[in-house]
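A look at the structure
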Amino acid sequence: MQSWRGCLRSFLLGWTLKFSCSSHFFIAAMQPSTNWHLKENARDHHTSKFSSKELIVRRGQAFIVTFNGTEQPEQSLTFIAETGPKPSKLAKTQATFGISSTVSKESWSAVLQSTSSNSVSISISSPPNAVIGRYKLSVQTTSSGSSSPASLGTFVLLFNPWSSGDDVFMPNKAECEEYVLEEFGIIFAGNKNHINSFGWNFGQFQGDILNICLSMLDRSLNYRQDPATDVSHRNDPKYLGRVLSAMVNANDDQGVLLGNWSGNYEGGKSPSSWTGSGEILQNWKKSGFKPVRYGQCWVFAAVLTTVLRCLGIPTRTITNFSSAHDADGNLRVDEFYDASGNHLDRAADSIWNFHVWNESWFSRSDLDPSYSGWQVLDATPQEESGGIYQCGPASRNAIKEGDVDLDYDCPFVFAEVNADCMYWNYDPATGKKTLMFSKSTVIGQFISTKAVGKDDRVDVTNDYKYEEGSTKERDIFKKARKKLGLEDKFDPTAPTPQEIDQKPDISGKFKVSGPLEVGKDLNLILVLANLQSDAKTVHLNMTAWSTVYTRRPVHEIWKDSISVTLSPKEEKQFPIKISYTEYQQQLTTDNTIQVTALCHVEGGIQVLVQRDITLDNPAIDIQVLGEAKVNKEVDVEVIFTNPIDTEVMDCVLQVEGNDLLRGILEIDVPPLKASEKSSTKFKLIPFETGPKHLLVNFSCDKFADIKTFKMHLTFYSETV
């Protein structure tokens, strides 16, 4: 480069003016004209989906900037990139760098690309471990003196999973597309016997979402306590993931979402009514950053997915069925039932039908390399960690290997997927408890996530633990207990060896007989089998309660008591019918019912038989009437048939879909008589090509939040 200084004689329109006045210099800095090459840089940095007029790029990768100018004398150029309230070179929140001939992989650098009579183009690169966030970029010239830096404007720097030097580097490009760029997701719910799913619009590239995500960081407790130090740590995905797991819930910091598991959602929206993160984050901002009401685990996880994908950290939602909440950290979960078979809400421990958390992909520089990869983060406020409600990152590999002594929150996550269960009979009058049975194979089943590039379910249970009941799995469990100091510690609440070794005289199970649908009667069969060679008399107390998905009892629906005699080795079946009219008024929006039978065996130990039932909502159908083309109107029809013999009222249809609708469409639907079919039509105009998902949520006074989604392809219009 024959001297790049010589090429810069024409440079910087109006931003440095020198006037000679006696022996003094007068330097005036004005805003130079800057071309950020938004389209080209966005394409190269996988940020084209953002709808911002501000440059958004990823760290560890070059971007082009062009400055316009008029002829100036030979000058030296120094660039200044800085972020945060107190930029500092020591904290790596400020970088000063000149033009060099090659890109540096360790620091910020600038390489001259081209010059013309009135402009110069520079390629600027950040290191792969740069602090992420909004930067100010300035340039300074010196020529036998100095001038004040002139601002070139601002840009946003994100994590870069496409860059091999980045902590979040993900070598599989299809996974990068899914876990960073995909705005649609599927979340699995229900229970271990009946897995269902629903769509979710993460919407990480919508309008103002990036700015809201950056605001979350600036409203965290860490930032409030020490802004400069907090910003300096934003190069580290494990730090950011932990901070954001706290900020998504509102418990300590006026974060995004207020949790509510009561079944009563007055003063806010039922958690099951949300269909996407965008509305939640926008509401948080519009309210002056007051917590949005209300969230439950899948809502917390979905919002955290949105935020982390927006910032460039590969993230997915994970559903764990029969998920333990081990409140006292002993890797054991205790459940209590009274003599009537009622599930008592008296223990801090609980077993949820399902629980949803996040996995994010990054390396763990603080641990051995074997612990890098997927890391568990959980924004649902369950237990405090470090004095506030945050959880993770816990290495998934550490969980599988029982290395619960590693940061962060590994014992809690280990228990969620592998705790042992103790089921007790409790007498409230005397306070006496009697162990009925224990199980080591109940917790952590069918751990699920969405497939890459498809709408299928993928089971990742074997990534969290060895085969349930195997010698290896039990050895890992003992290893975890030993690391936590539980093996040699006396626990007065633990069952005695004699209690654990007790063998029941009978066995029992509930079988489903008929459809599991809201609006239809629930038909079950209780099957009891005598395991002994002599007759057994059994007194049964049976109950059915509506619950929330955490299995907390809400309303009693039904109860009955019978006595039976079982001949030696005999099996008997007892049909149970719970009518729709019995459960209709008591059902929560989770559509869950717990049925129990406490069997008092004369001369033997008590046996508990239980089953958690999740009822499906009636179906709703979407039809796209015609071929969807960009910028061309297309009709959509939503069809719903009232399946019950009474009228349904207060019907509302809510529709959203990225690149199909701007915002959320709400349509009031007229009341529907028994068996009446409704057809609701609306128009949409797709504004991007490719596969798109349309999400629909239908509610009325008898059915809450009937969800479905439809994927279809959008094509270019012939007129485009």
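Going by the annotation in an unreviewed UniProt entry, the name recorded for the protein chain is protein-glutamine gamma-glutamyltransferase, with Strix occidentalis caurina given as the source organism. The record in UniProt for the protein chain states the following under Catalytic activity (unreviewed entry): "L-glutaminyl-[protein] + L-lysyl-[protein] = [protein]-L-lysyl-N(6)-5-L-glutamyl-[protein] + NH4(+)".

1. Here we look at the pairing of strand 12 (residues 150-158)
With seven of its nine residues buried, strand 12 lies for the most part within the structure. Bridge count between strand 5 (residues 55-58) and strand 12: four bridges; the pairing is parallel. Directly across from Leu-55, in strand 12, lies its bridge partner Phe-155.

2. A look at helix 9 (residues 297-311)
The end-to-end C-alpha distance of helix 9 is 21 Å, a good match for the 21 Å that 15 residues give at a rise of 1.5 Å each. With 15 of its 15 residues buried, helix 9 lies for the most part within the structure. Positive phi appears at Gly-312, one or two residues downstream of helix 9, with a value of about 100 degrees.

3. Here's the deal with the pattern of salt bridges
For the coordinates displayed, the defined rule picks out 34 salt bridges. Measuring nitrogen to oxygen at the nearest pair gives 3.0 Å for the salt bridge that ties Arg-474 to Glu-473. By relative accessible area, Glu-473 is classed as buried at 1%. Linking Asp-505 and Lys-536 is a salt bridge whose minimum nitrogen-to-oxygen distance equals 3.8 Å. Taken as a pair, Asp-505 in the loop between helix 13 (497-500) and strand 27 (506-512) and Lys-536 in strand 29 (residues 536-547) lie far apart in primary sequence, 31 residues in all. Residues Asp-505 and Lys-536 agree in their burial class; the two are buried. Residues joined by salt bridges that share partners form a network here, namely Arg-316, Glu-359, Arg-396 and Asp-463.

4. A short note on the state of the cysteines
One pass over the full model with this rule turns up zero disulfides. Note on Cys-213: no disulfide assigned, nearest cysteine sulfur contributed by Cys-310 at a separation of 3.9 Å. Looking at the unpaired Cys-410, the closest cysteine sulfur is the one in Cys-391, lying at 9.0 Å.

5. With respect to unusual backbone geometry
The omega torsion across Arg-293 and Tyr-294 is 10 degrees, close enough to zero to call that bond cis. Within the element layout of this structure, Tyr-294 appears in strand 16 (residues 292-295). Following Gly-392, the chain continues to Pro-393 via a peptide bond in cis, the omega torsion being 5 degrees. The topology assignment puts Pro-393 in the loop between strand 21 (373-377) and strand 22 (394-395). Backbone geometry at Asp-409 places phi at a positive 65 degrees, although glycine is not the residue there. Residue placement: Asp-409 occurs in the loop between helix 10 (396-401) and helix 11 (410-418). Of note, the phi angle at Asn-591 is positive, near 55 degrees, even though the residue is not glycine.

6. Considering the UniProt feature "active site" (unreviewed entry) in the protein chain
Taking the UniProt record as the reference, the feature "active site" (unreviewed entry) is found at Cys-297, His-355 and Asp-378. A maximum C-alpha distance of 9.9 Å among these annotated residues, which run over 82 residues, shows that they cluster at one spot. Inspection of the secondary structure puts Cys-297 in helix 9. On the basis of relative accessible area, Cys-297 is assigned to the buried category, the value being 0%. Apart from the residues within four sequence positions on either side, Cys-297 is in contact with Trp-261, Trp-352, Phe-354, His-355, Val-356, Thr-380 and Tyr-549. Within the element layout of this structure, His-355 appears in strand 20 (residues 350-362). A residue is classified by how much of its surface remains accessible, and His-355, at 0% relative accessible area, is buried. With residues near it in sequence (within four places) discarded, His-355 still touches Cys-297, Ile-318, Thr-319, Asn-320, Ser-323, Asp-378, Thr-380, Gln-382 and Glu-416.

7. A closer look at the UniProt feature "binding site: Ca(2+)" (unreviewed entry) in the protein chain
Following the UniProt record, one finds the feature "binding site: Ca(2+)" (unreviewed entry) at Asn-418, Asp-420, Glu-468 and Glu-473. The annotated residues occupy 56 residues of the chain but converge on a single region, no pair of C-alpha atoms lying more than 12.0 Å apart. Tracing the chain through its elements places Asn-418 in helix 11. You can see Glu-473 is positioned in helix 12 (residues 471-483). Among residues more than four places away in sequence, those in contact with Glu-473 are Asn-418, Tyr-466, Glu-467 and Glu-468. At a separation of 3.0 Å, a polar atom in the side chain of Glu-473 contacts the side chain of Arg-474.

8. Let's talk about the environment of Ala-81
Position of Ala-81 relative to the elements: it lies in strand 7 (residues 76-82). The buried category is assigned to Ala-81, whose relative accessible area is 0%. Sequence separation of Ala-81 and Tyr-135 is 54 residues, and the distance between their C-alpha atoms is 6.2 Å. Other than its neighbours up to four places away in sequence, Ala-81 contacts Thr-93, Gln-94, Ala-95, Phe-97, Trp-108, Tyr-135, Lys-136 and Leu-137.

What counts and what doesn't
Residues numbered from 1 in each chain as written. Predicted model: local features only at pLDDT ≥ 70, side-chain atom pairs only at ≥ 80, totals over all residues. Heavy atoms only, no water. UniProt positions renumbered as here; feature names shortened; annotations may be inferred. Buried < 20%, exposed > 50% of the residue type's maximum accessible area, 1.4 Å probe, protein only. Helix = DSSP H or I, 4+ residues; strand = E, 2+ residues; numbered from the N terminus. Pairing = 2+ DSSP bridges. Expected span 1.5 Å × (residues − 1). Salt bridge = Lys/Arg side-chain N within 4 Å of Asp/Glu carboxyl O. Disulfide = S-S within 2.5 Å. Contact = heavy atoms within 4.5 Å. Polar contact = N/O pair within 3.5 Å; in protein donor to acceptor, adjacent residues only side chain to side chain.

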